[in-house]
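One-letter residues, chain by chain:
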Amino acid sequence: MADLWQNAMDHAVAAARKAGQVVREALLDDRKVMTKSSSVDLVTQTDQKVEQLIIQSVKDKFPTHRFIGEESVAAGESCVLSDDPTWIIDPIDGTTNFVHAFPFVAVSIGFSVNKQACVRDVRSPLYLSPAQVKAEKQMEFGVVYSCLEDKMFTARRGKGAFCNGEPLQVSNQEDIKQSIIATEFGSNRDPEAVDKIFSSLRNILCIPVHGVRGAGTAAINMCLVASGCVEAYYEIGIHVWDVAAGSLIVSEAGGVLMDVEGGDVDLMSRRVVAANSRTIAERIVKEIDSFSPSRDDAPSPPKQ
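Calculation criteria
- Every chain is numbered independently, its residues counted from 1 as its sequence is written.
- Selection of residues for local features in this predicted model requires a pLDDT of at least 70, selection of side-chain atom pairs for listing and counting requires 80 or more, and totals for whole chains, interfaces and linings are taken over all residues.
- Excluding hydrogens and water, the side-chain figures rest on all heavy atoms present in the structure.
- Each nonpolar core is a collection of buried residues, namely Ala, Val, Leu, Ile, Met, Phe, Trp, Tyr and Cys, held together in the definition by side-chain atoms within 4.5 Å.
- Summary of the burial criterion: residues with accessible area below 20% of their type's maximum are buried, those above 50% are exposed, and those between are partly exposed, where the area comes from a 1.4 Å probe applied to protein chains only.
- Segments assigned H or I by DSSP are reported as helices when at least four residues long, segments assigned E as strands when at least two residues long, and all are numbered from the N terminus.
- Think of it this way: DSSP has to see at least two bridges between two strands before they count as a pair.
- Whenever a helix is involved, its axis is fitted only over the stretch in contact; in every case the axis is a line through C-alpha atoms, and angles between N-to-C directions fall within 0 to 180 degrees.
- How far a helix is expected to stretch is found by multiplying one less than its residue total by 1.5 Å.
- The reported bend at a residue is simply the angle between two axes, fitted to the 7 residues ending at it and to the 7 residues beginning with it.
- Any pair of residues with heavy atoms lying within 4.5 Å of one another is described as a contacting pair.

*Asks:* When you look at the nonpolar core in this model, what are you seeing that I'm missing?
*Replies:* Nonpolar side chains in soluble globular proteins generally cluster together in the buried interior. Of all hydrophobic cores here, the largest spans 40 residues; its most connected members are Val240 and Ile249. Secondary structure elements with two or more residues in this core: strand E6 (139-146), strand E7 (151-156), strand E8 (160-163), helix H7 (218-227), helix H8 (240-252) and strand E14 (271-275). Among the elements that take part in this core, H8 stands out by supplying 8 residues, more than any other. Among the nonpolar cores identified, the runner-up in size contains 28 residues, and Met9, Val50, Ile54 and Ile92 belong to it.

*Asks:* It is not clear to me how the pairing of strand E5 (residues 106-112) should be interpreted in this structure. Could you clarify?
*Replies:* In regular strands, side chains alternate between the two faces of the sheet. For E5, the buried fraction is high: 7 of the 7 residues fall into the buried class. Taking every second residue as pointing to the same face, both faces of E5 are buried, with Ala106, Ser108, Gly110 and Ser112 on one and Val107, Ile109 and Phe111 on the other. Where E5 lies against E6, 7 bridges are found, and the strand directions are antiparallel. Residue pairing in the sheet places Ala106 in a bridge with Ser146 of E6.

*Asks:* Would you explain the sheet that holds strand E10 (residues 180-183) in this entry?
*Replies:* To summarise the sheet geometry, strands pair through backbone hydrogen bonds and adopt either a parallel or an antiparallel arrangement. Pairing within the open sheet is mixed, and its 5 strands lie in the order E11-E10-E12-E14-E13. Every interior strand has two partners, whereas the edge strands, strand E11 (211-213) and strand E13 (256-258), have only one. Recorded for the sheet is a direction-independent mean angle of 20° between the axes of neighbouring strands. In the sheet, E13 pairs with E14 via 3 bridges, with the strands oriented antiparallel. Bridging across to E14, Leu257 finds its partner in Ala274.

*Asks:* Sorry, what's going on with H8 here?
*Replies:* Residue pairs spaced three or four apart in an α-helix point in one direction, given the helix's 3.6 residues per turn. In this model, H8 (13 residues) spans 18 Å end to end at C-alpha, consistent with the 18 Å of a helix rising 1.5 Å per residue. Roughly 25° is the biggest bend found in H8, and it falls at Gly246. Burial runs high along H8: 13 of the 13 residues are buried. Phi for Gly254, located one or two positions after H8, is positive at around 100°.

*Asks:* Explain the sheet that holds strand E9 (residues 166-167) here, please?
*Replies:* Spatially, E3-E4-E5-E6-E7-E8-E9 is the arrangement adopted by the 7 strands of the open sheet, whose pairing is mixed. Single-partner strands in this sheet number two, and they are strand E3 (66-69) and E9. Sheet topology note: the E7/E8 ladder contains 4 bridges and is antiparallel. Note that in E8 the partner of Thr154 across the bridge is Phe162. Along the sheet, helix H2 (residues 45-61) contacts E3, strand E4 (86-93) and E5; its crossing angle with E4, the most-contacted strand, is approximately 155°.

In structure tokens form, the structure reads like this:
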């Protein structure tokens, strides 16, 4: 049987690599910085340029495919999955890093079919119903290119995860007290949300764990889980384009995904726990002081 989506994945890898070159070149120039939802939610002309580069290249090759892109959504496009093949794009995951030349910046491309951006471990049927296994089959591939490290992370559904062609495998550490956990603080500066973020951080530090780290990009944090460098990553406030690709990379490297209150992850909910094992994920969930940001697929408020 022909592999329907390998050609699309090959194109995603080539587009991500070309986008990474644009990002590296932009770091040598002055970077014009703008803001979106707040003074700490940054965007640059390079974000917009890279997204358009990827989208146009896909349109030329796959004219019937659809898109969810971070900058397109910020400009008013809808963030809704359909039955059509859909490219979920973060042109620069780690824009604040990019602005400050902090050396972790990623291009993230996820590919979804039949409305599914929900990723579960299909190799663990013990935890899944047949309907859930069927749903999982619709997330076809994920590509995360860490531009400044020149690391290309890739995953195909049911075919494993790789970094520069080498297989990835999550850590086998089952003791939370021997673990490193990754997280981010996000761009929400609402005092109640910040209090919950620091409450969760305090709870996890005091388990105690070996340490807490953060690369400044959700996509790279998830790839660190897949690589076995950290045992788990959790965050509330991320967006579907931040984690669509990375979630499949974690799953295909043998990891698990969970909502911050337990149960199946819904990438439109803007909440995720990615871990090397169910044991570690469930332990992290116990310590998270959760809250619910507005969903990515929530209807836009009517214009005044």
